[in-house]
Amino acid sequence: MTLTIAASLEKWINSFVDWLSQFTGVFNAISDGISSIANVFQWIFDLLPAWLFIVLVLGTTYFSKRHEKKYGLLTFELLGLLYIWVIGYWRDMTQTLTLVLTSCLIVYIIGIPLGIWMAKSNAVQLIVRPILDFMQTMPAFVYLIPAVAFFGIGTVPGAIASIIFAMPPTVRMTNLGIRQVPTDLVEAADSYGANGWQKLIKVQLPLARSTIMAGVSQSLMLALSMVVIASMIGTLGLGTQVYFAVGRNNAGAGFTAGLAIVILAIIIDRMSNTLQKKK
Amino acid sequence: MSVEIEVKNVTKIFGKQISKAKKMASQEASKEEILAKTGATVGVDQASFKINRGELFVIMGLSGSGKSTMLRMINQLIPVTSGQILVEGKDLTKLGKKELIEFRREKMSMVFQNFALLPHYTILDNVAFGLELQGIEKNERLKKAKKALKIVGLSGYGTQYPSQLSGGMQQRVGLARALASNTQILLMDEAFSALDPLNRKEMQDELLKIQSDLNKTIVFISHDLNEALKLGDHIMIMRNGMVVQTGTPEEILTNPANDYVEKFIEEVDRTRVLTASNVMINPATVNIEKSGPRTALREMQANNTSSIYVVDNQRHFIGWADASDVSNLIRKGSKDLKSVLMRNVPVAHPDTPLNELLSEVSTTQIPLAVLDEDSHLKGIIVRGAVLAALAGDEVE
Ligand SMILES: Nc1ncnc2c1ncn2[C@@H]1O[C@H](COP(=O)(O)OP(=O)(O)OP(=O)(O)O)[C@@H](O)[C@H]1O
Ligand SMILES: [Mg+2]
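Along each chain, numbering runs from 1 in the same order as the chain's sequence is written. Whichever chain is written first becomes A and whichever ligand is written first becomes 1, with later ones labelled in order. In keeping with the predicted nature of the model, local features appear solely for residues at pLDDT of at least 70, side-chain atom pairs appear and are counted solely at 80 or more, and the whole-chain, interface and lining totals rest on all residues. For side-chain calculations, the full set of non-hydrogen atoms in the structure is used, while hydrogens and water are omitted.

**Examining helix α12 (residues 238–247) of chain A**
Argument step 1. What α12 of chain A keeps buried is the set Leu238, Gly239, Thr240, Val242 and Ala245 of chain A.
Argument step 2. Every helix listed is a DSSP run of H or I at least four residues long, and every strand listed is a run of E at least two residues long, numbered separately from the N terminus. Positive phi shows up at Asn249 of chain A, right after α12 of chain A, with a value of about 55 degrees. Three exposure classes are used, based on accessible area relative to the maximum for each residue type with a 1.4 Å probe and protein chains only: buried under 20%, partly exposed in between, and exposed over 50%.

**What about the site of ligand 1?**
Residue and element names in this part refer to chain B.
Argument step 1. Being near a molecule or strand, for a residue, means having at least one of its heavy atoms within 4 Å of it. Neighbouring ligand 1 are 14 residues, the closest being Ser63, Gly64, Lys67, Ser68 and Thr69.
Argument step 2. As used in this structure description, the phrase polar contact means that two N or O atoms lie within 3.5 Å; if the pair is within protein, one of them must be able to donate a hydrogen and the other to accept it, and residues adjacent in sequence are counted only when both atoms belong to side chains. In the environment of ligand 1, an oxygen atom lies 2.8 Å from a nitrogen or oxygen atom belonging to the side chain of Lys67.
Argument step 3. Glu190 is positioned with one of its side-chain polar atoms (N or O) 3.5 Å from an oxygen atom of ligand 1.
Argument step 4. Computed with the Shrake-Rupley method and a 1.4 Å probe, the accessible areas treat only the protein chains shown as cover for residues. Protein coverage of the free-state accessible area of ligand 1, which is 630 Å², stands at 61%.
Argument step 5. Sorting the residues of the shell around ligand 1 by element identifies β2 (41–52) and α3 (67–74) as the ones contributing at least two each.
Argument step 6. The element contributing the most residues to the shell around ligand 1 is α3, with three residues.
Argument step 7. We call Asp, Glu, Lys and Arg charged. Ala, Val, Leu, Ile, Met, Phe, Trp, Tyr, Cys and Pro are nonpolar, and the rest, Gly among them, are polar. Of the residues in the shell around ligand 1, the class split is two nonpolar, nine polar and three charged.

**Here's the deal with the side chain of Asp45 of chain B**
Argument step 1. Note on placement: Asp45 of chain B falls in strand β2.
Argument step 2. Any pair of residues with heavy atoms lying within 4.5 Å of one another is described as a contacting pair. For Asp45 of chain B, the residues in contact, after removing those within four places along its chain, are Val10, Thr11, Ala25, Asn240, Gly241 and Met242 of chain B.

**Side note on the UniProt feature "domain: ABC transporter" (unreviewed entry) in chain B**
Argument step 1. Here, the residues flagged by UniProt with the feature "domain: ABC transporter" (unreviewed entry) are residues 5–265 of chain B.
Argument step 2. As a span, residues 5–265 of chain B carries 43% helix and 24% strand, and end to end its C-alpha atoms are 26 Å apart. UniProt positions are given in the numbering used here, feature names are shortened, and annotations may be inferred rather than shown by experiment.

**Topic: the interface of chain B and chain A**
Argument step 1. Across the contact, 25 residues belong to chain B and 16 residues belong to chain A.
Argument step 2. Summed over both sides, the interface of chain B with chain A buries roughly 1700 Å², with 63% coming from carbon and sulfur.
Argument step 3. Should a side-chain nitrogen of Lys or Arg be within 4 Å of a carboxyl oxygen of Asp or Glu, the pair is scored as a salt bridge. Taken together, chain B and chain A are joined by two salt bridges.
Argument step 4. With its nearest N and O atoms 2.6 Å apart, the salt bridge here joins Glu187 of chain A to Arg72 of chain B.
Argument step 5. Counting across the chain B and chain A interface gives nine residue pairs in polar contact (both at pLDDT 80 or more).
Argument step 6. Those elements that provide at least two residues to the side of chain B that touches chain A are α4 (97–107), β6 (108–111), α6 (129–133) and α8 (167–180) of chain B.
Argument step 7. The dominant element in the side of chain B that touches chain A, judged by the number of residues it contributes, is α6 of chain B, at four residues.
Argument step 8. Its residues assigned to classes, the side of chain B that touches chain A shows 13 nonpolar, seven polar and five charged. We define buried area as the total accessible area lost by two parts upon association, computed with a 1.4 Å probe and summed across both.

**Here we look at the domain arrangement of chain B**
The extent of an interface is frequently quoted as the accessible surface area lost upon association of the parts.
Residues and elements named next belong to chain B.
Argument step 1. What counts as a domain boundary in this text is fixed by an automatic or database domain assignment. Per the domain assignment, the segments of chain B are domain 1 (3–268) and domain 2 (276–390).
Argument step 2. Here the C-alpha centre of domain 2 lies 41 Å away from the C-alpha centre of domain 1.
Argument step 3. Overall, the association of domain 1 and domain 2 removes approximately 590 Å² of surface from exposure, summing both partners, and the carbon and sulfur fraction of that is 72%.
Argument step 4. There are zero salt bridges connecting domain 1 and domain 2.
Argument step 5. Summed over the shared surface of domain 1 and domain 2, the number is zero residue pairs in polar contact (both at pLDDT 80 or more).
Argument step 6. At the level of elements, α10 (225–231) and α11 (249–254) are the ones that each hand at least two residues to the side of domain 1 that touches domain 2.
Argument step 7. Among the elements that line the side of domain 1 that touches domain 2, the one with the most residues is α11, at four residues.
Argument step 8. Looking at the side of domain 1 that touches domain 2 residue by residue, the classes come out as four nonpolar, two polar and one charged.

**Quick notes on the sheet that holds strand β15 (residues 368–371) of chain B**
The strands making up a sheet associate through backbone hydrogen bonding, with each pair oriented either parallel or antiparallel.
Residues and elements named next belong to chain B.
Argument step 1. Strands are treated as partners if at least two bridges between them are detected by DSSP. Read across the open sheet, the three strands follow the order β14-β15-β16; overall the sheet is mixed. The sheet is open, and its two borders are formed by β14 (347–348) and β16 (377–381), each paired with just one other strand.
Argument step 2. Relative to β16, β15 runs antiparallel, the two sharing four bridges. Paired with Val370 across the strands is Gly379, a residue of β16.

**Structural notes on the packing of aromatic side chains**
Argument step 1. Side-chain rings of Phe, Tyr and Trp (the six-membered ring for Trp) are treated as a pair once their centres are within 6.5 Å; stacked means planes under 30 degrees apart, edge-to-face means over 60, and tilted covers the remaining angles. Inspection of the entire model under this criterion finds twelve aromatic pairs over all chains.
Argument step 2. Here a set of aromatic residues connected by ring pairs shows up, and it is made of Trp12, Phe16, Trp19 and Phe23 of chain A.

**Quick look at a nonpolar patch on the surface**
All names here are of chain A.
Argument step 1. For patch building, the residue pool is restricted to those with more than 30% relative accessible area and no salt bridge; the joining distance is 9 Å between like charges and 5 Å between nonpolar side chains (Val, Leu, Ile, Met, Phe, Trp, Tyr). A grouping of Leu9, Trp12, Ile13, Phe16, Trp19, Phe23, Val26 and Ile30 is seen on the molecular surface, where their side chains present a nonpolar patch of about 790 Å² in accessible area.
Argument step 2. Counting residues per element, the nonpolar patch draws most heavily on helix α1 (residues 2–20), at five residues.
Argument step 3. Within the secondary structure, Phe23 sits in the loop between α1 and α2 (24–47).
Argument step 4. On the basis of relative accessible area, Phe23 is assigned to the partly exposed category, the value being 34%.

**Some thoughts on the UniProt feature "domain: CBS" (unreviewed entry) in chain B**
Argument step 1. This chain's UniProt record puts "domain: CBS" (unreviewed entry) on residues 279–337 and 341–396 of chain B.
Argument step 2. What you have in residues 279–337 of chain B is 37% helix and 24% strand, and the ends, taken at the C-alpha atoms, are 29 Å apart.

**Side note on the pattern of salt bridges**
All names here are of chain B.
Argument step 1. Following the criterion strictly, the structure yields 20 salt bridges over all chains and no others.
Argument step 2. Between Glu227 and Arg200 there is a salt bridge whose closest N-O contact spans 3.2 Å. With a gap of 27 residues between them, Glu227 in helix α10 and Arg200 in helix α9 (residues 197–214) connect regions that are remote in the sequence. The exposure classification of Glu227 matches that of Arg200, with both residues buried.
Argument step 3. Between Lys201 and Asp205 there is a salt bridge, with the nearest N and O atoms lying 3.1 Å from each other. Linking Lys201 with Asp205, this pair stays in helix α9, spanning four residues, or about one helical turn.
Argument step 4. With relative accessibility at 28%, the residue Lys201 sits in the partly exposed group.

**So, the confidence of the model for chain A**
Argument step 1. Of all residues in chain A, 96% attain a pLDDT of 70 or more, and the chain-wide mean is 90.
Argument step 2. pLDDT expresses, on a scale from 0 to 100, how confident the predictor is about each individual residue. Per-residue pLDDT, averaged within each element of chain A, yields its smallest value for α1 of chain A (83) and its largest for helix α5 (residues 90–120) of chain A (95).

**Section: the confidence of the model for chain B**
All names here are of chain B.
Argument step 1. Counting all residues, the mean pLDDT for chain B is 87, and 96% of those residues have values of 70 or more.
Argument step 2. Mean pLDDT across the elements of chain B bottoms out in helix α13 (residues 270–273) (54) and peaks in helix α5 (residues 123–127) (96).
Argument step 3. Across the predicted assembly, pTM comes out at 0.78 and ipTM at 0.81.

Printed below as a string of structure tokens:
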């Protein structure tokens, strides 16, 4: 009995995937879109000498956190980035960064408007919420299979899997942030004759800003956490080094590359935090 | 007086099974019964009333009686379930989305209990918010906002943020925002409830001044009978979504429609504690045994009154004379004040409780004469003083 159900679900999904594969045109368009965004990022990073990159990171930290204790973080950033450079993982690091930034850009472009729509309509919330739950709880590996089926191997399927995995926090927190805006402020806007757009731009988004930014940085972290998994389908980057090390049973190499990921994660996290706090 | 707002048989039901609940409500079922049978909450139940242009109309009632719901239907923040809301003859319930936005911008402003100022806007930008939504150019709207801020006495605070101001000041900003839009109608939902007593009294006085200066039509929700008595030209009392009584403060105090209103009024214990002697003032008097009409007229001019109380050497009350009668007398060359005296004026004893004076004060144009056992004139009571005292103003 259970076997038949599992078997038919499997069959059903497989035939659904088969059915989807007739839309190669659409997938090619998506694939082209994603890879051109990724190419732009990678082109910038390749153009940027490592020292200039380090200076930019330190400068951003220095100026956006002016009035707080920041020398610890500055030191960390300097040493961390030097470490990545010295051990020869610089290009891998920028490839990882490209994957993360590309995925997140798309997550925000889709996720924030979707969250707004969800906040404005209970019906949309009712439909979208379980889908988000599903996206977040399904093991990330599973996304690799259709991603490979439709987009082959390389950066694009990695980005697709990251986008699916990293999308929920942005949507959720945008929805939450807008719904949490105090009713009397929304009423005030309505009672003075705000139209929907004015209400959104002048009242709801500014007041939801810090909640939305929290979702944005969570998505960033989730996208970063996909790098090792994405490397299994040929997305290049620091993850690739970890994946190879695991394959060769080389704990030292794995740890070296893993440490680079940790450093990158901390820097991204702190920098997105400073964006949040900026008044 | 022209009617500004007319509410016709308006019902609001929240929840599901609305048509069933509405039918029950029209068959006089109680709010509890309807909730139990249908799960729907009756917010407002067949309310009808009129508000005149330029008056301050107070809605009162216990928590949950439907005051806020009623107020929010007047600017359609809450759509009605049935009935009509006519403002200047136009039925708001029939307006399309665009027309409604237009209408809100031009006709009504709202002041909120918890101020509802935008935390990311400066005070000046908050005041200009209504104008900004109307698309008025920046310099012009800031000019208007400055003017409104001046009216509420906060000129110097334009560049600060709401969180930097005290509650009382924030509510002034809320009021300034409403004034800046220059709409005829102000809707105020317990606008002063969050303020401490001192600030509250100041704001009440300010509101009365604004209303008399600018002739706004104000709908004001209050929990507090004293506040309602002080502010209201008319007071409407609601219970369980229904209108129980609408009338002038005097009518409500002297002639409560039912037990509920009476109980509500009993809260004003002051009527039992305060007596005539607490609210009487010194009248302009003239001694008939010493002086004639000319002195009487001069005395009235000096005191800036249009009537005078006439007494004898021992300050026994003799009568009351009106300025126009006295000047007629002078023109005729007569010296005898007695011929124009009115002896039959309403009187009270210094110990008469205020509530017993209310009906008397409200039916006569002549101030009450307060006389002791031996008919000595102790003072007079003007109509405003009684209401002011009931409303909790300082009495010496
Ligand atoms: N959005 C809503 N959904 C369901 N029921 C509501 C809603 N708003 C108000 N009600 C109900 O309608 C009734 C009237 O509420 P309303 O807020 O108008 O009372 P109120 O007189 O303003 O009370 P308060 O003095 O506490 O502000 C209450 O029973 C309330 O529970
Ligand atoms: Mg209320």
